[in-house]
2 protein chains.
Amino acid sequence: MKLATLRTGAATTTAAVLTGAETYLPLPASDVGALIAAPAWRVRTEEAVRTAPASAVVQVSGSQLAPLLPHAGKVICCGLNYGDHIQEMGRELPEYPTLFAKFADTLAGPSDELDVHGSDRVDWESELAVVVGATLTRADESQAAAAIAGYTVANDLSMRDWQNRTLQWFQGKAFDASTPVGPVLATADEFDGSGFEVRGYVNGELVQRGHTRTLVFGPARLLSYISQFTTLRPGDLVLTGTPGGVGMGMTPPRFLQDGDTITTEIDGIGRLENRVRIRQLALNN
Amino acid sequence: MKLATLRTGAATTTAAVLTGAETYLPLPASDVGALIAAPAWRVRTEEAVRTAPASAVVQVSGSQLAPLLPHAGKVICCGLNYGDHIQEMGRELPEYPTLFAKFADTLAGPSDELDVHGSDRVDWESELAVVVGATLTRADESQAAAAIAGYTVANDLSMRDWQNRTLQWFQGKAFDASTPVGPVLATADEFDGSGFEVRGYVNGELVQRGHTRTLVFGPARLLSYISQFTTLRPGDLVLTGTPGGVGMGMTPPRFLQDGDTITTEIDGIGRLENRVRIRQLALNN
């Protein structure tokens, strides 16, 4: 099952389920987060698909897709998590996951233009993201695995100048509407557990490719770890880190230019395609 | 004017205004964040105080005080911000504020017991916190100053073992219900701009004392800076950093023991008094 959040007005959205190539059936919930927080949402969604008249299905263009979880209570990201990339850099595998936070305001839609104000070192980070489907407090890995609602695609766009102004990355990672996420939540039952190939492109050129089987901390391990200190709830989002191939790591470093398009893709889930606009600030902060 | 959020049931709260030593008038808003997001809240609150019958006023004990902003959309903290402490450590004053994030779940009430699971390096950080009163996007300092609803007291309790497991502090700073905040929001008009003395005590012993006049980034500067990358909204909370005297900086380092009480105090606002419980984990994460 593939779920999305559709824009229905300037500040309104609806949850919807994919029924065809670009067709969705709207569901009685304001977004995917609200949908999966309700009891028996799987059964009720299957029932809705079975019983809806053909006229209820809508054709959807990219710009109508909202951030998958526009009101996510927690967005937590893991850095330095692709083992092959860490080892090729000659570093040791970490004992603990490196975690940082974003807010729901940081999220953007899967086809949105990403307007970045006041940075000239904008970099891409293609990632698998995990959507939490049940409340988790100090959960073990098997409880965490059972609580995964599904998976989506994200790009943890990073303003490297702001990220590296201090030792804490947060300010370079939390620009409003800078992290596209979607296009859909692909429910966990659709996958066999062998993992995901994550690919990133800049203006159509492949720049990142990694497989989540090389993650040091896989989805269930990450959710279990995070739940030791903070409760995860349905609709929370955990980004699992990015493979090698970011612009900062190139020689010389390569950053996005105004008008560049980044594509972030995972087979079986879908693709984000975002044009990046670099706006300079009058105020010199 | 001093505003608080009172517990009215297991999961319900109300905003209230202080009318006497421990007496409050409940207001028609679910918490202080909801109150100050509504138009004309100052005038309507003054009107409520003038017209309420004496019977509407309630006596409140410490345990009835909820986290001041139980649903804060953003909680953003600044580290390394007391200039005198930075200079006494022989470091240079920073050019940019070091920022990290917490979630609303991280907040606790001003008299709550703080239950910490799985850390044995629990440390105190007494802080002034700023409550945002208006929406700020890429604001300059004067706009930011005008948008300060008021001030409160916070203790950025820090699990140093978790904080230092990786380079990113987030996991040691975001334990659920670990950051007491309150007891009240003291509105900005009550202060003359000369700043605040922040004091921290462990079991009654003074361990921290600092004055916000020595902040490298004062309240308005911090709000302006943050608003360059993310929108601040009414009820968001910004913690301004802690002065010298944390346990980690002592020789030898001193951490809180199960049953210790931390007191965090700012004249003109109020005092937090929290017993800390250290619970060990069965699961070795």
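An account of the accompanying structure is given in this report. Here the structure is a predicted model, which means the values were calculated and not measured.

Moving on, we get to the overall build of chain A. Scanning chain A from N- to C-terminus turns up seven helices and 18 strands. Expected size for 285 residues packed as a compact globule is a radius of gyration near 19 Å; at 18 Å, chain A falls within 12% of this value. Seen through its principal axes, chain A has C-alpha atoms that stretch 55 × 45 × 30 Å. Scored against the burial criterion, the 285 residues of chain A give a buried share of 57%. Look at the contacts in chain A between residues 6 or more apart in sequence, and 74% of them connect residues 24 or more apart. About 11100 Å² of surface is accessible on chain A, with carbon and sulfur atoms providing 49% of the total. When the 23 basic and 32 acidic side-chain charges of chain A are each reduced to a single mean position, those positions are 2 Å apart.

Related by rotation about an axis and a shift along that axis, the two copies of the chain form a pair. When chain B is fitted to chain A, the residual RMSD is 0.0 Å, and the transformation amounts to a turn of 180° plus an axial shift of 0.0 Å. One copy is carried onto the other by what is essentially a two-fold rotation axis. In this assembly the copies share their binding face: 100% of the residues contributing to the interface of chain B also contribute to that of chain A.

With that settled, the discussion passes to the sheet that holds strand β15 (residues 205-211) of chain A. Residue and element names in this part refer to chain A. Taken in spatial order, the five strands line up as β8-β18-β17-β14-β15 in an open sheet, and their pairing is mixed. For this open sheet the edge positions go to β8 (114-117) and β15, each flanked by a neighbour on one side alone. Ignoring strand direction, the axes of neighbouring strands in this sheet form an average angle of 20°. Where strand β14 (residues 197-202) lies against β15, six bridges are found, and the strand directions are antiparallel. Along β15, the bridge assignment pairs Tyr 201 with Leu 206.

Turning next to the sheet that holds strand β14 (residues 197-202) of chain B. All names here are of chain B. Strand order in the open sheet formed by five strands is β8-β18-β17-β14-β15, and the pairing between neighbours is mixed. On the outer flanks of this sheet lie β8 (114-117) and β15 (205-211), each paired with one strand and no other. Strand-to-strand, the axes of this sheet are offset by a mean angle of 20°, without reference to chain direction.

The next point concerns the interface of chain B and chain A. Contact with chain B, which involves 39 residues of that partner, is made by 39 residues of chain A. A combined buried area of about 3600 Å² lies between chain B and chain A, and 59% of that area is made up of carbon and sulfur atoms. Applying the counting criterion to the chain B and chain A interface returns 22 residue pairs in polar contact (both at pLDDT 80 or more). Every element with two or more residues in the side of chain B that touches chain A is listed here: β5 (75-79), β6 (98-102), α6 (170-173) and α7 (219-227) of chain B. Among the elements that make up the side of chain B that touches chain A, the one with the highest residue count is β6 of chain B (five residues). Of the residues contributing to the side of chain B that touches chain A, the split by class is 19 nonpolar, 11 polar and nine charged.

The next point concerns α7 of chain B. Along an α-helix, residues three or four positions apart point the same way, because every turn accommodates 3.6 residues. The buried fraction of α7 of chain B amounts to eight of the nine residues, a majority that puts the element mostly inside the structure. For α7 of chain B, the complete set of buried residues consists of Pro 219, Ala 220, Leu 222, Leu 223, Ser 224, Tyr 225, Ile 226 and Ser 227 of chain B.

Under the defined criterion, the tally for this structure stands at 23 aromatic pairs over all chains. With a centroid separation of 5.8 Å and an interplanar angle of 85°, the aromatic rings of Tyr 151 of chain A and Phe 191 of chain A are classed as edge-to-face. Here the residue Tyr 151 of chain A occupies a position in strand β11 (residues 148-155), and Phe 191 of chain A occupies one in the loop between β13 (179-187) and β14, the gap between them amounting to 40 residues. Overall, Tyr 151 of chain A belongs to the buried group, its relative accessible area being 11%. What makes Phe 191 of chain A partly exposed here is its relative accessible area of 22%. With a centroid separation of 5.8 Å and an interplanar angle of 25°, the aromatic rings of Phe 175 of chain A and Phe 229 of chain B are classed as stacked.

So, about the environment of Leu 136 of chain A. Residue and element names in this part refer to chain A. Among the secondary structure elements, Leu 136 is positioned in the loop between β10 (126-132) and α4 (141-146). Assessed through its relative accessible area of 4%, Leu 136 is described here as buried. Along the primary structure Leu 136 and Asn 155 are separated by 19 residues, whereas in three dimensions their C-alpha atoms are 25 Å apart. Excluding residues within four positions of it along the chain, Leu 136 makes contact with Gln 143, Ala 144, Ala 147, Leu 223, Ser 227, Thr 230, Thr 231 and Leu 232.

Residues and elements named next belong to chain B. Across all of its chains, the model carries 41 salt bridges over all chains by this definition. Close ionic contact of Asp 156 with Lys 102 constitutes a salt bridge, the shortest N to O distance being 2.6 Å. With Asp 156 in the loop between β11 (148-155) and β12 (158-159) and Lys 102 in strand β6, this pair connects stretches of sequence that are 54 residues apart. Two residues, Arg 279 and Asp 115, come together in a salt bridge whose shortest N-O distance is 2.8 Å. Pair noted here: Arg 279 is in strand β18 (residues 270-279) and Asp 115 is in strand β8, with a separation of 164 residues, a long-range link. Accessibility expressed as a relative area gives 35% for Asp 115, which makes it partly exposed.

The rules behind the values
- Residues numbered from 1 in each chain as written.
- Chains lettered and ligands numbered in written order.
- Predicted model: local features only at pLDDT ≥ 70, side-chain atom pairs only at ≥ 80, totals over all residues.
- Heavy atoms only, no water.
- Helix = DSSP H or I, 4+ residues; strand = E, 2+ residues; numbered from the N terminus.
- Rg over C-alpha atoms; globule rule 2.2 N^0.38 Å.
- Buried < 20%, exposed > 50% of the residue type's maximum accessible area, 1.4 Å probe, protein only.
- Contact = heavy atoms within 4.5 Å.
- Areas by Shrake-Rupley, 256 points an atom, 1.4 Å probe, with all protein chains shown as cover.
- Lys, Arg positive; Asp, Glu negative; His and termini not counted.
- Charge placed at Lys NZ, Arg CZ, Asp CG, Glu CD.
- Least-squares fit on C-alpha atoms with pLDDT ≥ 70 in both.
- Pairing = 2+ DSSP bridges.
- Axes fitted to C-alpha atoms, helices over the stretch in contact; angles between N-to-C directions.
- Buried area = accessible area lost by both parts, 1.4 Å probe.
- Polar contact = N/O pair within 3.5 Å; in protein donor to acceptor, adjacent residues only side chain to side chain.
- Nonpolar A, V, L, I, M, F, W, Y, C, P; charged D, E, K, R; others polar.
- Phe/Tyr/Trp six-rings, centres within 6.5 Å; stacked < 30°, edge-to-face > 60°.
- Salt bridge = Lys/Arg side-chain N within 4 Å of Asp/Glu carboxyl O.

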